[in-house]
Amino acid sequence: MKRVLITGANSGMGLQLAKDYAADGWQVVACARDLNKLQQALAGIAFEACIFDMQQVDEINAVVSTLAPLDLVLLNAGNCEYIEDARHFDAALFTRVVNVNLIGTANCVAALIPHIKQGGRLAVVSSSVSFLPLTRAEAYGASKAGLDYLVRTLAIDLAPHNIEVSLIRPGFVDTPLTQKNDFAMPGQVSPEFASRAIRNGLAKGKSEISFPFGLISLLRILSWLPHGLWKRLSQRMVRKAS
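Residues numbered from 1 in each chain as written. Predicted model: local features only at pLDDT ≥ 70, side-chain atom pairs only at ≥ 80, totals over all residues. Heavy atoms only, no water.

K.L.:
Could you give an account of the packing of helix 3 (residues 57-64) against helix 4 (residues 91-112), naming the residues involved and the relevant values?
P.N.:
For the pair helix 3 and helix 4, the least separation of the axes is 10 Å and the interaxial angle reads 35°. Between helix 3 and helix 4 lies a crossing of right-handed hand. Contacts between helix 3 and helix 4 involve Val57, Ile60, Asn61 and Val64 on the former and, on the latter, Asn107, Cys108, Ala111 and Leu112. Its residues assigned to classes, the contact of helix 3 with helix 4 shows six nonpolar, two polar and no charged. (Axes fitted to C-alpha atoms, helices over the stretch in contact; angles between N-to-C directions. Helix = DSSP H or I, 4+ residues; strand = E, 2+ residues; numbered from the N terminus. Left-handed = near helix turned anticlockwise from the far one by under 90°. Contact = heavy atoms within 4.5 Å. Nonpolar A, V, L, I, M, F, W, Y, C, P; charged D, E, K, R; others polar.)

And the structure:
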């Protein structure tokens, strides 16, 4: 029986992934900060709990030190906050988001790589936001762009050690996190759709998994525009939305 560890398994995409991998016959190691919330979310599902705060290195190391070898580590946990007024740039908010999304993920990478089996895989959830600079996304986008670079570099450096690496870049997924957004979310998909796309992509050994196709295709095309042109277009869209 294969073993998968999933962070952020108490809600949203992580919760759906934990349920679906368990249904597929995997042993699921479900990670979260709150054991009670995790147990409530995964009631009726067989899983091994792994409780830690991604920003507490000693806590992570202590909790994962006794883990049995893993076939797949899926780092999904993250957070999103927006810079509402760039004229009064919120450095504390920026630091908070980067610490969770980038530094917290790096803490997990450091602790968990030794537990991945030869021939196993590390998968990290980033975001399609890193295709383009988007309004108010200074903190979130920077953290996810950092994840992109981290994961692509790890893919090079872990290959000689027989550990594969996958970068996951979803668009808008209907989760408690995106439900806080106050803007239109084109191409939004369900957690079930996201879980299926991720699991299928990982099963095929894909190094990058981006979805949904329509939104990702549009973002790729827009990312090819000269920066000055995209800046003018995005400013125009912001004015229309305000």
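K.L.:
Could you give an account of the nonpolar core, naming the residues involved and the relevant values?
P.N.:
Formed by 27 residues in total, the largest nonpolar core has its most connected members in Leu5, Phe52, Val64, Val73, Leu75, Leu112 and Leu122. If we skip the residues at most four places from it in the chain, Val73 touches Leu5, Leu112, Ile116, Arg121, Leu122 and Ala123. Within the second largest apolar cluster, 26 residues are counted, among which are Leu15, Tyr21, Val28 and Leu38. (Core = buried A, V, L, I, M, F, W, Y, C linked by side-chain atoms within 4.5 Å. Buried < 20%, exposed > 50% of the residue type's maximum accessible area, 1.4 Å probe, protein only.)

K.L.:
Could you give an account of the pairing of strand 6 (residues 164-170), naming the residues involved and the relevant values?
P.N.:
Within strand 6, six of the seven residues are buried, which leaves it mostly tucked inside the rest of the structure. Relative to strand 6, strand 5 (residues 116-125) runs parallel, the two sharing five bridges. Bridge assignment links Leu122 to a residue of strand 6, and that residue is Val165. Across four bridges, the pairing between strand 6 and strand 7 (residues 208-211) is parallel. Considered in strand 7, the bridge of Leu167 is made with Glu208. Handedness of the β-α-β unit built from strand 6, helix 6 (residues 191-203) and strand 7 comes out left-handed. (Pairing = 2+ DSSP bridges. Right-handed = clockwise from strand over helix to strand, strands pointing away.)

Read these as geometric descriptors, not functional statements.
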